[in-house]
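# Coordinates in review
The lines below spell out each chain.
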Amino acid sequence: MAIKDKGILVVALSWGLTGLTTAFLVLRLFTRVVVLQAFGGDDFVYILGYVCLLLATVFYTKSATLGLGQSHADIGNEDLIVEAILWEAIGQTFNVLGMSIAKWALGLFLLRLVIIRWQRIVIWVAMSWLMAGSISVLFIFWLQASVHLPFMAAPSL
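Bear in mind that the values here come from a model prediction, so they are computed numbers and not experimental data. (Residues numbered from 1 in each chain as written. Predicted model: local features only at pLDDT ≥ 70, side-chain atom pairs only at ≥ 80, totals over all residues. Heavy atoms only, no water.)

### Quick look at the nonpolar core
Formed by Val45, Cys52, Ile101, Trp104, Ala105, Leu108, Leu111, Val114, Ile123, Met127 and Met131, the largest nonpolar core amounts to eleven residues. Within the residue set of this core, elements represented by two or more residues are helix H2 (41–66), helix H4 (78–113) and helix H5 (117–143). Of the residues forming this core, the biggest block, five residues, is contributed by H4. In this structure Met127 touches Trp104, Gly107, Leu108 and Leu111, once residues within four positions along its chain are discounted. (Core = buried A, V, L, I, M, F, W, Y, C linked by side-chain atoms within 4.5 Å. Buried < 20%, exposed > 50% of the residue type's maximum accessible area, 1.4 Å probe, protein only. Helix = DSSP H or I, 4+ residues; strand = E, 2+ residues; numbered from the N terminus. Contact = heavy atoms within 4.5 Å.)

### Description of the pattern of salt bridges
Scanning all chains against the criterion turns up five salt bridges. Asp42 is the salt-bridge partner of Arg28, the closest N and O atoms lying 3.1 Å from each other. Of this pair, Arg28 sits in helix H1 (residues 6–35) while Asp42 is found in helix H2, placing the two residues 14 residues apart along the sequence. On the basis of relative accessible area, Arg28 is assigned to the partly exposed category, the value being 24%. Taking the relative accessible area as the measure of exposure, Asp42 reaches 2% and is therefore buried. Arg112 is the salt-bridge partner of Asp42, the closest N and O atoms lying 2.9 Å from each other. One end of the pair, Asp42, is in helix H2; the other, Arg112, is in helix H4, with 70 residues separating them in the sequence. When its relative accessible area of 43% is taken as the criterion, Arg112 is described as partly exposed. Residues joined in a network through salt bridges with shared partners are Arg28, Arg32, Asp42, Asp43 and Arg112. (Salt bridge = Lys/Arg side-chain N within 4 Å of Asp/Glu carboxyl O.)

Bear in mind that shape data such as this cannot, by itself, settle questions of function.
Pasting the structure below:
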């Protein structure tokens, strides 16, 4: 299926921002490896965050080829709708992970700068809470279920 409607915008923006991120990644790696000759742990984490962004973009593109950005009526086929939602959900998973990992790269960079113990503790606590929150969001996202119990029924009118 061809990419249509708002799917074109999703794919164009995703790949455009991924390209911009690629340029900054290359500049960062050039600076760290060639100029400073100091490739550190935060650089590995930054690359891992970039890989998550790239995977999210690939999965959003796959979802757009199946109907992301179109109305259900325009897609028509229920199986395509379900598959498009699945690929979008997989992309969203890598998006949430990638954002957390990128913030970890920043935290690791800050840890190289600070020397006062309480500041290092604050940074580690913030990074830990951020990752724990992101992982809990992913668990809730993937393990949510629609349970219809009698006491949860909508009131009748």
